[in-house]
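# Examining the three-dimensional arrangement
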Amino acid sequence: MKNELIRIARKAGEFFLERELTEIVSKEGHANYVTNIDCRVQAYLEEALGRLMPGSRFIGEEKENQALGDEPTWIVDPLDGTTNMIHDYRLSAVSIALCRMKKPVLGLIWQPYTGELFYAETGAGAFLNDRPIHVTGTPFRDALAAVGTAPYYEELEDTGMAIARDFLHECADIRRSGSAALDLAYLACGRHEIFFEMRLKPWDYAAGSLIVQEAGGKIMMPLAGGEPDYNLSTAVLAANPVCMDQALEVFRRHTSGEK
């Protein structure tokens, strides 16, 4: 199934590269867009993944969804980094997770612009193009922190920017890619050490969370009890084990009373 899933993801990425952008529609929230490419990729993935695993459920960004249950369920972001794609910024990805018993057991993130495939299965490690990957052991003061700005939720701006500012001052530097899926994948392969965003949806983090954990990293939902719950839209914090405690202290410094 792995090889067929990779083929499906690569095919989905071809729609990005063709870039036949004919429709851009604003959704709820500031600068929140859906395009004909998002919808085209999701329709393709829903059909292809349904054939790959008959009887499985499908949760995707561009549809109304039921809560995640115990049955096999695909959680999919057909195009993570839509604004990047609109601007031809070339930092966008297909993100696919297969969940069983409400937890991801397989995660795949395909970056078609660079040809990078991040993949993990529970208990089997994490890989970039078949090469094993692992988070770094870089300490907090020397770490790069990737930040998401949660642009659709203006009420979270001040808190998110305050946390990012503290990471800028206390770590080596900060980065902003515009794709949470890629931020998690890049943490897993050692390109940075910390990632946070004040609110993400399950399709943003489901695949990446497994890849991070299988690469030796930690991921948590600090405003929702800590442990990942793949039904939630909430803040996500991920880091290598060396940085997590200090990263969490920075996060909590600015989020008392937040939910």
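Preceding this section is the structure that the text describes.
A brief look at the structure comes next.

Rules behind the numbers
- Residues numbered from 1 in each chain as written.
- Predicted model: local features only at pLDDT ≥ 70, side-chain atom pairs only at ≥ 80, totals over all residues.
- Heavy atoms only, no water.
- Helix = DSSP H or I, 4+ residues; strand = E, 2+ residues; numbered from the N terminus.
- Rg over C-alpha atoms; globule rule 2.2 N^0.38 Å.
- Contact = heavy atoms within 4.5 Å.
- Areas by Shrake-Rupley, 256 points an atom, 1.4 Å probe, with all protein chains shown as cover.
- Lys, Arg positive; Asp, Glu negative; His and termini not counted.
- Charge placed at Lys NZ, Arg CZ, Asp CG, Glu CD.
- Buried < 20%, exposed > 50% of the residue type's maximum accessible area, 1.4 Å probe, protein only.
- Pairing = 2+ DSSP bridges.
- Polar contact = N/O pair within 3.5 Å; in protein donor to acceptor, adjacent residues only side chain to side chain.
- Axes fitted to C-alpha atoms, helices over the stretch in contact; angles between N-to-C directions.
- Parallel < 35°, antiparallel > 145°, perpendicular 65-115°, else oblique.
- Nonpolar A, V, L, I, M, F, W, Y, C, P; charged D, E, K, R; others polar.
- Core = buried A, V, L, I, M, F, W, Y, C linked by side-chain atoms within 4.5 Å.

## A word on the overall build of the chain
Of the regular secondary structure elements, the chain holds seven helices and 14 strands. In terms of overall size, the chain behaves like a compact globule, its C-alpha atoms giving a radius of gyration of 17 Å where 259 residues would be expected to give roughly 18 Å. Each of the three principal axes of the chain carries a C-alpha extent, and together these read 45 × 40 × 35 Å. Taking contacts inside the chain between residues at least 6 apart in sequence as the whole, the part at least 24 apart equals 63%. As displayed, the chain has an accessible area near 11,200 Å², and 48% of this comes from carbon and sulfur atoms. On the chain, the mean spot of the 26 positive side-chain charges and the mean spot of the 38 negative ones are 3 Å from each other.

## Description of the pairing of strand E12 (residues 194-200)
Burial analysis of E12 places six of its seven residues in the buried class, the great majority of the element. Relative to E12, strand E10 (residues 144-147) is paired through three bridges, and the arrangement is parallel. Bridge pairing in E12 places Ala-146 opposite Phe-195. Bridge analysis of E12 against strand E14 (residues 234-239) gives five bridges, and the strand direction is antiparallel. Bridging across to E14, Phe-195 finds its partner in Ala-238.

## Some points on the side chain of Asn-240
The residue Asn-240 is located in the loop between E14 and helix H7 (244-253) in this model. Here the side chain of Asn-240 touches Val-242 through a polar contact of 3.1 Å, landing on its backbone nitrogen. One polar contact links the side chain of Asn-240 to the main-chain amide nitrogen of Cys-243, over a distance of 2.7 Å. Once residues within four sequence positions are removed from consideration, Asn-240 is found in contact with Val-135, Thr-136, Gly-137, Thr-138, Leu-187 and Glu-193.

## Some remarks on the sheet that holds strand E11 (residues 173-175)
Strand order across the open sheet formed by five strands is E11-E10-E12-E14-E13, with mixed pairing between neighbours. Each of the sheet's edge strands pairs with one partner strand only, and the pair in question is E11 and strand E13 (218-220). Going across the sheet, the axis of each strand differs from the next one's by a mean of 20°, ignoring polarity. Here three bridges tie E13 to E14, and the two strands are oriented antiparallel to one another. Residue Met-220 lies in a different strand from E14, and its bridge partner there is Leu-237. This element, helix H4 (residues 157-170), spans E10, E11 and E12 of the sheet and lies at about 175° to E12. Of the strands in this sheet, E10, E12, E13 and E14 touch helix H5 (residues 180-188), which is tilted by about 155° from E12.

## Quick notes on the sheet that holds strand E5 (residues 93-100)
The sheet built from seven strands is open, its strands ordered E3-E4-E5-E6-E7-E8-E9 with mixed pairing. Each having just a single partner strand, strand E3 (57-60) and strand E9 (131-132) make up the two edges of the open sheet. On top of the sheet, helix H2 (residues 36-52) reaches E3, strand E4 (73-80) and E5; it is set at about 155° to E4, its chief contact.

## So, unusual backbone geometry
Here Arg-90, not a glycine, exhibits a phi torsion of approximately 65°, which is positive. Along the chain, Arg-90 falls in the loop between helix H3 (82-86) and E5. Of note, Lys-102 is a non-glycine position whose phi angle comes to about 70°, a positive value. Its location among the elements puts Lys-102 in the loop between E5 and strand E6 (103-111). When its relative accessible area of 40% is taken as the criterion, Lys-102 is described as partly exposed.

## Digging into the packing of H5 against helix H6 (residues 202-214)
Look at H5 against H6: their axes get within 8 Å of each other, and the N-to-C directions meet at 0°. For the element pair H5 / H6, the angle class is roughly parallel. Residues Ala-180, Ala-181, Leu-184, Leu-187 and Ala-188 of H5 lie in contact with H6, whose contacting residues are Asp-204, Tyr-205, Gly-208, Ser-209, Ile-211 and Val-212. For the contact of H5 with H6, the per-class residue count stands at eight nonpolar, two polar and one charged.

## Concerning the nonpolar core
In this structure, Ile-109, Phe-118, Ile-133 and Ile-211 are the most contacted members of the largest nonpolar core, which totals 39 residues. Among the elements of the structure, E5, strand E7 (116-121), strand E8 (125-128), H5, E12, H6 and E14 are those that each provide at least two residues to this core. With eight residues, H5 is the largest single contributor of residues to this core.

Function-wise, these values are silent; they only describe arrangement.
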